[in-house]
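# Structure at a glance
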Amino acid sequence: MTTSRPQGEQPRRRAPAGAAVLREDVTEAIRDAVFGELASVGYARMSIEGIARRAGVGKTAVYRRWRSKLHLVLDLVSAIAVQGLPAPDTGSLEGDLRLLYEVTSRALRHPVASQIIPDLQAEAARNPEIAEALQKALREGQHGVASGIVRAAVERGEIRSGADEDLALDLVSGPLYWRSVVVRADLPKGYLGRLAGATAAGLRAL
């Protein structure tokens, strides 16, 4: 039996299955779940199934946003790069360095970060795409802030104009990452202040 439709009334059209709006709260839940899975099992053992289970969603919700766990992790690393670090503005080179080191040190000591960063570095040695994403994150995040500190110091006359910028950035960023991420040693009391003073002296000598 067919049901007649009033003259002039158009049939209702269903929205295409793929046209549904992606809910931001679900996307954020998935991103949080990725950090949790990375810290818990590492990249190699992480799976879309585990991410979906931790986020409380179906696997389809993950695959509608990212093609694979690799693309998911690359997206998160890129997002971190965009967020970056706050740019210190204390009025002095040593003060800017001290503030940068305090903020960076707190971030690196976070339990999730302390697990994820070494794991992704190990994966980067085997996966060029992850290596490129990590390099970009460091370059646009930490190095972006370090460049601002060096430029401000040059403008104040604390560092000579024309100093080797790449070497300056290595001096600013290298020591804390070496100790916190590579060696993974605890920082003694007063270490960040002494590091800021030594780095400032090194930059002035360039």
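This is a predicted model, so every value here is computed, not measured.

### So, the pattern of salt bridges
Evaluated as defined, the whole model comprises 10 salt bridges. Close ionic contact of Glu24 with Arg31 constitutes a salt bridge, the shortest N to O distance being 3.8 Å. Across the salt bridge formed by Glu37 and Arg54, the nearest N and O atoms sit 2.7 Å from each other. One end of the pair, Glu37, is in helix α1 (residues 24–45); the other, Arg54, is in helix α2 (residues 48–55), with 17 residues separating them in the sequence. Beyond isolated ion pairs, a larger network of salt bridges with shared partners links Glu24, Glu28, Arg31 and Asp75.

### Examining the packing of aromatic side chains
Summed over all chains, the structure comprises zero aromatic pairs. Over the face of the ring belonging to Tyr43 we find Lys69, whose NZ or CZ atom lies 4.5 Å from the ring centre. Seen from the ring of Tyr191, Arg179 lies directly overhead, with NZ or CZ sitting 4.9 Å from the centre.

### With respect to a negative patch on the surface
Residues Asp164, Glu165, Asp166 and Asp170 make up a contiguous surface patch of negative charge. Relative to the helices and strands, Glu165 is located in helix α9 (residues 165–183). Look at Glu165 and you get partly exposed, because its relative accessible area is 44%.

### Observations concerning the confidence of the model for the protein chain
With 82% of its residues at a pLDDT of 70 or more, the protein chain has an overall mean of 82. Ranking the elements of the protein chain by mean pLDDT puts helix α4 (residues 69–83) last with 72 and helix α10 (residues 191–204) first with 96. Per-residue pLDDT stays below 50 along residues 1–6; that stretch engages in two contacts with residues further than four places along the chain or on separate chains.

### Some words on unusual backbone geometry
For Arg184, which is not glycine, the phi dihedral falls at a positive 60 degrees. The residue Arg184 is located in the loop between α9 and α10 in this model. The partly exposed category is assigned to Arg184, whose relative accessible area is 45%.

### What about the side chain of Glu37?
For Glu37, a relative accessible area of 9% puts it in the buried group. Excluding residues within four positions of it along the chain, Glu37 makes contact with Gly42, Met46, Gly50, Ile51 and Arg54.

### So, α2
Burial in α2 covers these residues: Ile48, Gly50, Ile51, Ala52 and Ala55. Note on α2: the residue one or two positions beyond its end, Gly56, has a positive phi of about 75 degrees.

### Description of the packing of α1 against α2
Look at α1 against α2: their axes get within 8 Å of each other, and the N-to-C directions meet at 120 degrees. Classed by the angle they form, the pair α1 and α2 counts as oblique. Helix-helix and strand crossings are classified by hand; for α1 and α2 the assignment is right-handed. From α1, Ala29, Ile30, Ala33, Val34, Gly36, Glu37 and Ser40 reach across to α2, where they touch Gly50, Ile51, Arg54 and Ala55. Here the contact of α1 with α2 is built from residues that sort into six nonpolar, three polar and two charged.

Reading the values: rules and limits
- Residues numbered from 1 in each chain as written.
- Predicted model: local features only at pLDDT ≥ 70, side-chain atom pairs only at ≥ 80, totals over all residues.
- Heavy atoms only, no water.
- Salt bridge = Lys/Arg side-chain N within 4 Å of Asp/Glu carboxyl O.
- Helix = DSSP H or I, 4+ residues; strand = E, 2+ residues; numbered from the N terminus.
- Phe/Tyr/Trp six-rings, centres within 6.5 Å; stacked < 30°, edge-to-face > 60°.
- Lys NZ or Arg CZ within 6 Å of the ring centre and 35° of its normal.
- Patch = residues over 30% accessible without salt bridge, like charges linked within 9 Å, V, L, I, M, F, W, Y side chains within 5 Å.
- Areas by Shrake-Rupley, 256 points an atom, 1.4 Å probe, with all protein chains shown as cover.
- Lys, Arg positive; Asp, Glu negative; His and termini not counted.
- Charge placed at Lys NZ, Arg CZ, Asp CG, Glu CD.
- Buried < 20%, exposed > 50% of the residue type's maximum accessible area, 1.4 Å probe, protein only.
- pLDDT = per-residue confidence, 0-100.
- Contact = heavy atoms within 4.5 Å.
- Axes fitted to C-alpha atoms, helices over the stretch in contact; angles between N-to-C directions.
- Parallel < 35°, antiparallel > 145°, perpendicular 65-115°, else oblique.
- Left-handed = near helix turned anticlockwise from the far one by under 90°.
- Nonpolar A, V, L, I, M, F, W, Y, C, P; charged D, E, K, R; others polar.

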